[in-house]
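Coordinate inspection notes
Here is what each chain is made of, one letter per residue.
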Amino acid sequence: MLDQNDIKVLLGKATDYVEDNPYSDDDFYDSDGHAYCRWFYRNQSHGYFDEIRKSDGVMKRILKDNTGDPGSPINGNISGLFFSAAVRYNSTRGDPIPFSPFGPVRLLVPAIELLAKAPKIYFADFYCMPCSDNHYVTLVMTSPGSETDEFCAEYLEELDIHDNPFLFKDESGTLQVTTAKKLYVEMYYTEDLDIKPYLKRGLLKDCETVGQGHSTPGGIPKTELCPFCSI
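1. Points about the pairing of strand 8 (residues 120-128)
Extensive coverage of strand 8 is indicated by the burial of eight of its nine residues. In this sheet, strand 9 (residues 135-142) lies alongside strand 8 in antiparallel orientation, the contact comprising eight bridges. By the bridge assignment, Tyr-127 is partnered in strand 9 with Tyr-136. Hairpin connection, strand 8 to strand 9: the antiparallel pair is bridged by six residues, and Cys-131 has positive phi, about 65°. Judged from the three bridges that link them, strand 8 and strand 10 (residues 157-159) form a sheet pairing that is antiparallel. Paired with Phe-123 across the strands is Glu-157, a residue of strand 10.

And the structure:
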């Protein structure tokens, strides 16, 4: 398992990647390399959300699989729900990317609302997938004092929500996400989530899928010899 020194090395590599790969078109993205982040969103199958609506309307945490670095401390040790923070190219309103490889149904949650429920942020992973040149940063969201928060404090690197290169609040308190080229910020929310209020607000949407259109059971380990994210 990676130790905290390893996590710091990965964090350094992820920070270097953000600094070295700014988006090339400043007409649409902030020249400082970030954009307004309005939503955290989660894509799954119709059946996944149908089951939640038929039961108590609560999206239950799932044990973290082996996606990413095989030695990541969070694999098999904490539970949560993945959300994307990526913003659509050319959007000035924080619109999400209009397609997903994870499923045809998307739950949109206002990012600030989810951060209020789990305001502590930890850097957990930086990785890429085989046969792809995209990179991913995994940030874990915890509720202060929870068992998961204590685990993350011991094994991960806590980030300042006002001062980090991935997801941060600017001077006005507006949430911003990096627009580094081919980098996606994933939020791993570590609490159960009652989605009934979001269903009432019409925040469950159909979504175009790409690739296989669903996640891979058990996860996919990272590329072993990437010059950017291997340690």
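Don't stop here, the text continues.
2. Side note on the pattern of salt bridges
The final tally for this structure, using the stated rule, is eleven salt bridges. For Asp-56, the salt bridge identified is with Lys-60, shortest N-O distance 3.0 Å. Using a relative accessible area of 41% as the deciding quantity, one classes Lys-60 as partly exposed. Each of the salt bridges in this network shares a partner with another, and the network as a whole consists of Arg-88, Arg-93 and Asp-95.

3. A word on the packing of aromatic side chains
Inspection of the entire model under this criterion finds nine aromatic pairs. Taken together, a centroid distance of 4.6 Å and an interplanar angle of 45° make the contact between Phe-82 and Tyr-188 tilted. Taken together, the residues span a long stretch of sequence, with Phe-82 in strand 5 (residues 79-84) and Tyr-188 in strand 13 (residues 183-189) at a distance of 106 residues. A relative accessible area of 26% means that Phe-82 is categorised as partly exposed. An angle of 20° between the planes, with centres 5.3 Å apart, marks the rings of Tyr-127 and Tyr-136 as stacked. The two residues Tyr-127 and Tyr-136 agree in class, both being buried. In this structure an aromatic cluster arises from ring pairing among Tyr-17, Phe-126 and Phe-228.

The rules behind these values
Residues numbered from 1 in each chain as written. Predicted model: local features only at pLDDT ≥ 70, side-chain atom pairs only at ≥ 80, totals over all residues. Heavy atoms only, no water. Buried < 20%, exposed > 50% of the residue type's maximum accessible area, 1.4 Å probe, protein only. Helix = DSSP H or I, 4+ residues; strand = E, 2+ residues; numbered from the N terminus. Pairing = 2+ DSSP bridges. Salt bridge = Lys/Arg side-chain N within 4 Å of Asp/Glu carboxyl O. Phe/Tyr/Trp six-rings, centres within 6.5 Å; stacked < 30°, edge-to-face > 60°.

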